[in-house]
Amino acid sequence: MKWFVNYTFSYAPINAKAKELGQWVESFNYTLFPDDLSKDAFIEEARLIMDTLNDKYPKTKPFVFDYDDTIVKGPIRLSFSVKDDVKTVSYIDLVKVQKEFRFSEKTNVLPGKKGGLR
């Protein structure tokens, strides 16, 4: 199954850590993941980025990473928020690609209609 980053959002940065996270999140806007393995690897990379930022900025409140995939055919939301608080710093929405359009050079694309390539 193919996945697509449909939407990324970062609130106004409250510190350097939030700014760095926001830049990382925004860099993946409109990214295609060709299979479930790539999507899962991206989720793990997000978890790793969170740990790296928490280690890099030890004097700030730690950020936590969470994702919600409970909606069966809906998007997966990856959210980054301040620990023990309701403040979301950034989030990413991943959606399944429903259809793919591919160009075709068939001579009769619409049945019963004249035209096409000759």
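Since this is a predicted model, take the numbers as computed values, not measurements.

(A) Local environment of the packing of aromatic side chains. By the definition in use, this model includes 12 aromatic pairs. Taking 6.4 Å as the distance between ring centres and 10° as the angle between the ring planes, the aromatic pair formed by Y7 and F9 counts as stacked. For Y7, a relative accessible area of 37% gives the class partly exposed. Judged by centre distance (5.7 Å) and plane angle (35°), the rings of F9 and Y91 are tilted. You can see F9 sitting in strand β1 (residues 3-10) and its partner Y91 sitting in strand β5 (residues 88-96), a full 82 residues away along the chain. Judged by its relative accessible area of 26%, F9 falls in the partly exposed class. A relative accessible area of 13% places Y91 in the buried class. Grouped by ring-pair contacts, the aromatic residues W24, F28, F33, F42, F65, Y67 and F80 constitute a single cluster. The ring of W3 carries K39 above its face, with NZ or CZ at 4.8 Å from the centroid. Lying over the aromatic face of Y91, R77 brings its terminal NZ or CZ to 3.9 Å of the ring centre.

About the thresholds
Residues numbered from 1 in each chain as written. Predicted model: local features only at pLDDT ≥ 70, side-chain atom pairs only at ≥ 80, totals over all residues. Heavy atoms only, no water. Phe/Tyr/Trp six-rings, centres within 6.5 Å; stacked < 30°, edge-to-face > 60°. Buried < 20%, exposed > 50% of the residue type's maximum accessible area, 1.4 Å probe, protein only. Helix = DSSP H or I, 4+ residues; strand = E, 2+ residues; numbered from the N terminus. Lys NZ or Arg CZ within 6 Å of the ring centre and 35° of its normal.

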